[in-house]
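Remarks on the overall topology
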Amino acid sequence: PTTRQSMFTRAAFDITDNINVYLQYSWNYASVYSVDNYTYNIANISLKPDNAFFPASVAAQIAANKLTSILIGTMNQDLGVFGTLNNRTTRRFVAGADGKFDALDTAWNWSFYFQKGVTHSSEHTTGVAQRDKYSNAIDSVRNAQGLIVCRVTLTNPNSGCVPWNLLGIGVNSAAGLNYIQGGTSGNSMSKPGQASRVQHFEEDVYAVSITGEPFSTWAGPVSIATGVESRLEKVFGVSDPDSLRNNWQFGNFLPNFGRYTVTEGFVEAVIPLAKDAVWARAFDLNAAMRATSYSTSGYVTTWKVGATWTLIDDIRFRGTRSRDIRAPNLADLFAAGTANTNTVFDRFNNNLNTQYQGAAVGNPALKPEVADTTGLGFVVAPQFFPGFNVSFDYYNIDISGAISSVSAQQTVDLCYQGNSIFCPLITRGVVNGTNQIIRITTYPLNFVVESARGYDIESSYTTPLDAINSNWGGNLTLRFLATHFIKDTSASGIPGSIPNVQVGTVDNPAWRWVGSVNYSL
């Protein structure tokens, strides 16, 4: 089930004929609960030979073969399925003003606003066991009276441990389930079977801009817009005690802490170069530049240069060339990660299948992704067919330094192949007298190269129905949009890597389209 609620309100007031002030407030809530699967184990649980739940025939074979342990696998069906419950509440407040003034014998418009956005999120798993209690409960033996008890109870009678039988379905008690999924007492975030994290996000924005037409060329007025913006982003949170010590089978959320600021200024202009000429009904250049300073990654400049050429009233051509960025967000930079336990093949140890503790964390040293984008297209709106228009736009996008992460196994493999950047992410220690991997950390890096090429088609037709039949009312609109991917690839940027060709797959078909019919009255 998914629940969404939202509210928006706005009030505005004209102080003078040239100044308007306004206030906005919005509130949004979303809750999503989903059921996942059983917390299954694949032949990686070791039971000691004196486990009380072994059938007599199995116990006899263990003794005859002098086994010191037995490896088993289980779906853990008596634990039930685990799920996730995520809640999010966002409040946004905006205060601003718009106005007009005259300068340089021309009219100008100005705008200022302040925005405060606050998001409160909570994430929970449900139906998950705690590692230490699960280990205690499945290590069950018979006491001096022949009763089945947890081995830990023999030395600690007040442990509260309830034996848990892995060898069957429907063979365990509610008391055993409560013990295995029990929360840490004395903490408001600790609930049975729930790994939890609560986080608080804030965004503050100050922005001011001015637009006007300070002078004209032979083809018409030049339009200019300029402005400055300052933005603060931050996150902090708290997790339950068992998550902090990696004690849940799944979840183990860690709270994120971090902040960054952005200050940027921009200028944009539209410059007409032709008007009602023999070769053009209109020809305009447009350009923009944005100077941005990030507290985390430093200064970057983005820009755009383009042109529109109206050959006749029915046909307009357009093109742009731009340098664009996507800056790393709070999660990319400051994610504390979610702890997990898994296995990898240790290439340095004859491919030994090794269990390790892992963590996927953020990387404060990330830089913005950089893209070079080219777009070329045209629009046709024939006067002999009123209400109809169609556009075609070709695009080519090349991204360098795209942000992505590699898996734990890829980290080991790349280190083994000599890519030294990945070796510090692997921690080793002595286990049973052997130097083994005990921890692997993964985090995002600017190392992916992506390229996309294709074209977009859009067409629409709107007509009043009384043009078809005088007795009909309302308007009919037909609309069609399509995208064709010529190229869509990504490569890791690591020597020897093979580009991932993504066009023509189930997840990314070569064609995507949508059509709609709308009637309004």
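Residues numbered from 1 in each chain as written. Predicted model: local features only at pLDDT ≥ 70, side-chain atom pairs only at ≥ 80, totals over all residues. Heavy atoms only, no water.

It is worth spelling out the overall build of the protein at this point. Tallying secondary structure elements over the protein gives seven helices and 24 strands in all. The dimensions of the protein, computed from C-alpha atoms along their principal axes, are 105 × 55 × 55 Å. Here the protein, with 521 residues, has 37% of them falling under the buried criterion. In the protein, of all internal contacts separated by at least 6 residues, the share reaching a separation of at least 24 is 68%. (Helix = DSSP H or I, 4+ residues; strand = E, 2+ residues; numbered from the N terminus. Buried < 20%, exposed > 50% of the residue type's maximum accessible area, 1.4 Å probe, protein only. Contact = heavy atoms within 4.5 Å.)

A few words now on the pairing of strand β2 (residues 19–38). Note: strand β1 (residues 2–16) against β2, 14 bridges, orientation antiparallel. The residue bridging S6 from the neighbouring strand is N28, located in β2. Following β1, the chain reverses through two residues before pairing antiparallel with β2. As paired elements, β2 and strand β5 (residues 81–103) share 18 bridges and run antiparallel to each other. (Pairing = 2+ DSSP bridges.)

Glancing now at the nonpolar core. Within the largest apolar cluster, 16 residues are counted, with the highest numbers of intra-cluster contacts made by I45, L47, Y134, I138, W164, L166 and I180. Secondary-structure elements contributing two or more residues to this core are β3 (41–47), α2 (131–138) and α4 (174–180). When residues in this core are grouped by element, the largest group, three residues, is from α2. Discounting residues that sit within four places of it in the chain, W164 has contacts with F53, D78, L79, A137, I138, S140, N172, S173, G176, L177 and I180. With eleven residues, the next largest nonpolar core counts Y260, V300, L333 and F334 among its residues. (Core = buried A, V, L, I, M, F, W, Y, C linked by side-chain atoms within 4.5 Å.)

This part covers the environment of N246. With respect to the secondary-structure elements, N246 resides in the loop between α5 (241–244) and β11 (258–275). Judged by relative accessible area, N246 falls into the buried class, the value being 10%. As for N246 and T126, which are separated by 120 residues in sequence, their C-alpha atoms are 16 Å apart. There is a polar contact of 3.0 Å between the side chain of N246 and the side chain of N252. (Polar contact = N/O pair within 3.5 Å; in protein donor to acceptor, adjacent residues only side chain to side chain.)

Once that is clear, we can look at the pattern of salt bridges. Evaluated as defined, the whole model comprises 22 salt bridges. Taking the shortest distance from any N to any O, the salt bridge between D372 and R323 comes out at 2.6 Å. On the criterion of sequence distance, the pair formed by D372 in strand β17 (residues 369–380) and R323 in strand β14 (residues 315–326) is long-range, its members being 49 residues apart. The class of D372 is partly exposed, set by a relative accessible area of 21%. Its relative accessible area of 28% is what places R323 among the partly exposed residues. Two residues, R326 and E369, come together in a salt bridge whose shortest N-O distance is 3.1 Å. Of this pair, R326 sits in strand β14 while E369 is found in strand β17, placing the two residues 43 residues apart along the sequence. (Salt bridge = Lys/Arg side-chain N within 4 Å of Asp/Glu carboxyl O.)

The next thing to look at is the environment of N109. Assignment of secondary structure puts N109 in strand β6 (residues 106–126). C-alpha separation for the pair N109 and T296, spaced 187 residues apart in sequence, amounts to 33 Å. Each residue touching N109, except ones within four places of it in the same chain, is listed here: G99, K100, S209, I210 and T211.

Quick look at the state of the cysteines now. Counted according to the given criterion, the structure contains two disulfides. Look at the protein and number its bonded cysteines as they come in the sequence; the links are 1-2, 3-4. (Disulfide = S-S within 2.5 Å.)

Aromatic rings in a pair are described by how distant their centres are and how their planes are angled relative to each other. One pass over the structure, following the stated rule, counts 14 aromatic pairs. Aromatic pair F348 and Y416: ring centres 5.0 Å apart, planes at 85°, arrangement edge-to-face. A residue pair is termed long-range when its members are at least 10 positions apart, and F348 in the loop between β15 (339–346) and β16 (352–360) and Y416 in helix α7 (residues 408–416) qualify at 68 residues. A residue is classified by how much of its surface remains accessible, and F348, at 43% relative accessible area, is partly exposed. Measuring from ring centre to ring centre gives 5.1 Å for F385 and F388, while their planes differ by 15°; the resulting arrangement is stacked. (Phe/Tyr/Trp six-rings, centres within 6.5 Å; stacked < 30°, edge-to-face > 60°.)

Buried within α2 we find Y134, A137 and I138. The buried residues of α2 occupy an angular sector of 90° when projected down its axis, which confines them to one face. (Arc of directions from axis to C-beta.)

Alignment of β14 against β17, held across twelve bridges, turns out to be antiparallel. Looking across to β17, one finds that G319 is bridged to L376. Where β17 lies against strand β18 (residues 388–404), eleven bridges are found, and the strand directions are antiparallel. By the bridge assignment, G375 is partnered in β18 with Y395.

Moving on: unusual backbone geometry. Leaving glycine aside, a negative phi is the common case for residues, and trans is the common case for peptide bonds. With a phi angle near 60°, D105 is a residue other than glycine that sits in the positive phi range. Counting through the fold element by element, D105 comes out in the loop between β5 and β6. Even without being a glycine, N351 presents a positive backbone phi close to 60°. Along the chain, N351 falls in the loop between β15 and β16.

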